[in-house]
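Residues per chain are reported as follows:
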Amino acid sequence: KGGANAIRLLAHFLQKLTQNEPIRLVSFSGGSAKNAIARDCQATITCSPDLAARIIEQATQHMADLRTYYPADPNLTLTATPLGLPNKTLPIEKTREILSFVNEIPHGVISMCEDMPHLVETSTNLAVVNIEPSDFVVWTSQRSCVAQKLSEMVETVQAVGKKYHARITSQHKYPPWAPNFQSPILAQSQKIYREIFGKEPIVETIHAGLECGIFGEKIPGLDMISLGPTLQHPHSPNERLQISSIEAVFTFLKTLLRSLS
């Protein structure tokens, strides 16, 4: 549990266990949204009684290692607790196969933009995993400001799925929307902002999936900007909106639209 991808951290630990311990996977679930990094993940495994204490000890040691690897994430925790016997388990070999599959799915930043080294160009997120003896669902999401790189990343993820005979379905595509700093509407927006607020606006590019990409794919060459009030911690339980920024956005938007009419 923490800011790092909890699915990947727990899957790594369990796969490490399978190298020396005959454990069986009962369930594995993590992540709650397809467009967010998984904050929580939990798994149920079975093993012989004499291994239980050793696995709990290994989990404690692994937690100490994680604190060393992720010093900026003080909320990161890994705990192991004894439970009762489940009704169903996955075979040992199937357990190893599934954990290998989850660990082989690419995750994280793949490349940075060449002309904007501070900006992520392409990434992929292992967002949701739900594994039970009768069901197995994995959701990943890919983002890129370059159409070719986005297609390549999707194909890479699909190749991992096909390797493990998984059924792959692609949904909710966000087409790339490359930044255009010569945009006429951007120039007009900057002018209006200076006139209203008496200061320079902050113009940023971000790595995300935006509706502008969908509009741009439908209407090639469409001149667009994306704007809105101040948000903190989007796509998380701590997401917040700065209420005082709403009036400023409304005033700016009205003035901008009048200037374009």
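Remember, it's a predicted structure, so these values are computed and weren't measured experimentally.

A. Inspection of the overall build of the protein chain at higher detail. Counting its secondary structure elements, the protein chain contains seven helices and seven strands. Relative to the globule expectation of 18 Å for 261 residues, the C-alpha radius of gyration of the protein chain, 23 Å, shows a markedly less compact shape. With the C-alpha coordinates of the protein chain rotated into their principal frame, the extents come out at 75 × 35 × 30 Å. For the protein chain, with 261 residues in total, the buried portion stands at 31%. Across the protein chain, the fraction of contacts at a sequence separation of at least 24, relative to all contacts at a separation of at least 6, is 62%.

B. Structural view of the pattern of salt bridges. Per the stated rule, a full pass over the model turns up seven salt bridges. One salt bridge in this structure joins R96 and E93, with 2.9 Å as the shortest N-O distance. You can see R96 and its partner E93 sitting in helix α3 (residues 92–104), three residues apart, about one turn around the helix.

C. Here's a closer look at unusual backbone geometry. A positive phi angle is found at H165, which is not glycine, with a value near 60°. One can find H165 in the loop between α4 (147–163) and α5 (184–197). Overall, the relative accessible area of 72% leaves H165 in the exposed class.

D. Structural detail: the layout of surface pockets. Quantified by volume, the second largest pocket comes out at close to 870 Å³. Along the wall of the second largest pocket there are 32 residues; nearest its centre are A43, T44, T79, A80 and T81. Elements that contribute at least two residues to the lining of the second largest pocket include exactly α1 (6–18), β2 (41–46) and α2 (49–69).

E. Layout of the side chain of S245. Along the chain, S245 falls in helix α7 (residues 244–260). According to the relative accessible area criterion, S245 is buried, its value standing at 10%. Residues within four places of S245 in sequence aside, it is in contact with P229 and T230.

F. Main features of α1. Helix length check: α1 (13 residues) gives 18 Å between terminal C-alpha atoms against 18 Å at 1.5 Å per residue, within 8%. Within α1, ten of the 13 residues are buried, which leaves the element mostly enclosed by the surrounding structure. Buried within α1 we find A6, I7, R8, L9, L10, A11, F13, L14, L17 and T18. Summarising the contacts, the buried residues of α1 are in contact with β1 (24–30), β2, α2, α3 and β4 (120–132). Residue N5 occupies the N-cap position of α1, its side-chain oxygen lying 3.0 Å from the main-chain nitrogen of I7.

G. Quick look at the packing of α1 against α2. For the pair α1 and α2, the least separation of the axes is 11 Å and the interaxial angle reads 135°. The orientation of α1 relative to α2 falls into the category oblique. The two elements α1 and α2 meet at a crossing, and its hand is right-handed. In this structure, α1 contributes L9, F13 and L17 to the contact, and α2 contributes I55, Q58, A59, H62 and L66. Looking at the contact of α1 with α2 residue by residue, the class counts come to six nonpolar, two polar and no charged.

H. Examining the pairing of β4 more closely. In terms of burial, β4 is a largely internal element, eleven of the 13 residues being buried. Across three bridges, β1 lies against β4 in antiparallel orientation. Looking across to β4, one finds that F28 is bridged to I131. Two elements, strand β3 (residues 108–112) and β4, share four bridges in a ladder whose sense is antiparallel. When the sheet's bridge partners are listed, M112 is paired in β4 with V120. The pairing of β4 with strand β5 (residues 135–144) spans ten bridges and is classified as antiparallel. Paired with E132 across the two strands is D135, which belongs to β5. Counted between consecutive antiparallel strands, the loop separating β4 from β5 contains two residues.

So, how was this worked out
- Residues numbered from 1 in each chain as written.
- Predicted model: local features only at pLDDT ≥ 70, side-chain atom pairs only at ≥ 80, totals over all residues.
- Heavy atoms only, no water.
- Helix = DSSP H or I, 4+ residues; strand = E, 2+ residues; numbered from the N terminus.
- Rg over C-alpha atoms; globule rule 2.2 N^0.38 Å.
- Buried < 20%, exposed > 50% of the residue type's maximum accessible area, 1.4 Å probe, protein only.
- Contact = heavy atoms within 4.5 Å.
- Salt bridge = Lys/Arg side-chain N within 4 Å of Asp/Glu carboxyl O.
- 1 Å grid on protein atoms, 1.4 Å probe; cavity = no way out; pocket = protein on both sides within 12 Å on 5 of 7 lines; lining within 4 Å.
- Points joined across faces, edges and corners; volume = space filled by probe spheres on them.
- Expected span 1.5 Å × (residues − 1).
- Polar contact = N/O pair within 3.5 Å; in protein donor to acceptor, adjacent residues only side chain to side chain.
- Axes fitted to C-alpha atoms, helices over the stretch in contact; angles between N-to-C directions.
- Parallel < 35°, antiparallel > 145°, perpendicular 65-115°, else oblique.
- Left-handed = near helix turned anticlockwise from the far one by under 90°.
- Nonpolar A, V, L, I, M, F, W, Y, C, P; charged D, E, K, R; others polar.
- Pairing = 2+ DSSP bridges.

Any functional reading would require information that these geometric values do not contain.
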